[in-house]
Amino acid sequence: QVQLVQSGGGLVQAGGSLRLSCAASGRTFSSYAMGWFRQGPGKEREFVAAVSRSGGTTYYADSVKGRFTISRDNAKDTLYLQMNSLKPEDTAVYYCAADRFSITPMTTRPTYWGQGTQVTVSS
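Residues numbered from 1 in each chain as written. Predicted model: local features only at pLDDT ≥ 70, side-chain atom pairs only at ≥ 80, totals over all residues. Heavy atoms only, no water.

What follows deals with the pattern of salt bridges. Going through the model one piece at a time under the given rule, you end up with four salt bridges. For Arg 38, the salt bridge goes to Glu 46, with nearest N and O atoms at 2.7 Å. For Arg 38, a relative accessible area of 5% translates into the label buried. Looking at Glu 46, the relative accessible area reads 35%, which means it is partly exposed. (Salt bridge = Lys/Arg side-chain N within 4 Å of Asp/Glu carboxyl O. Buried < 20%, exposed > 50% of the residue type's maximum accessible area, 1.4 Å probe, protein only.)

Right under this line is the structure:
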């Protein structure tokens, strides 16, 4: 069992930046693949980015590639999502996720979820 607690998010103007954090507890953080998903208004939850257990492999949705950066600090048991050049269409509730095996762009149901945090980008 792993618990995920998110922080960050908020309201930002288009073109701005935000950083999301996800602190893990309960099990060895480095044993889990980690990822970020989001759910926009009236939309289904979608994959945003993922990172392997070691941090050596990352995946991004095409819509965020080149603007968002996922990273993890296994010494601090924390996952990050740096979001730059934000657009109004990035407005969503963002969720961090953990899975004992892997998270890729094809993953829809990772094992553990954070509580979600709202990101709103104004035009």
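Let us now look at the state of the cysteines. Taken as a whole and judged by the stated rule, the model has one disulfide. For Cys 22, the disulfide goes to Cys 96, at an S-S distance of 2.1 Å. Disulfide Cys 22-Cys 96: torsion about the S-S bond near 55°, hence right-handed. Highlighted residues: Cys 22 in strand β3 (residues 18-25) and Cys 96 in strand β9 (residues 92-99), separated in sequence by 74 residues. For the pair Cys 22 and Cys 96, a shared accessibility class is recorded, and that class is buried. (Disulfide = S-S within 2.5 Å. Helix = DSSP H or I, 4+ residues; strand = E, 2+ residues; numbered from the N terminus.)

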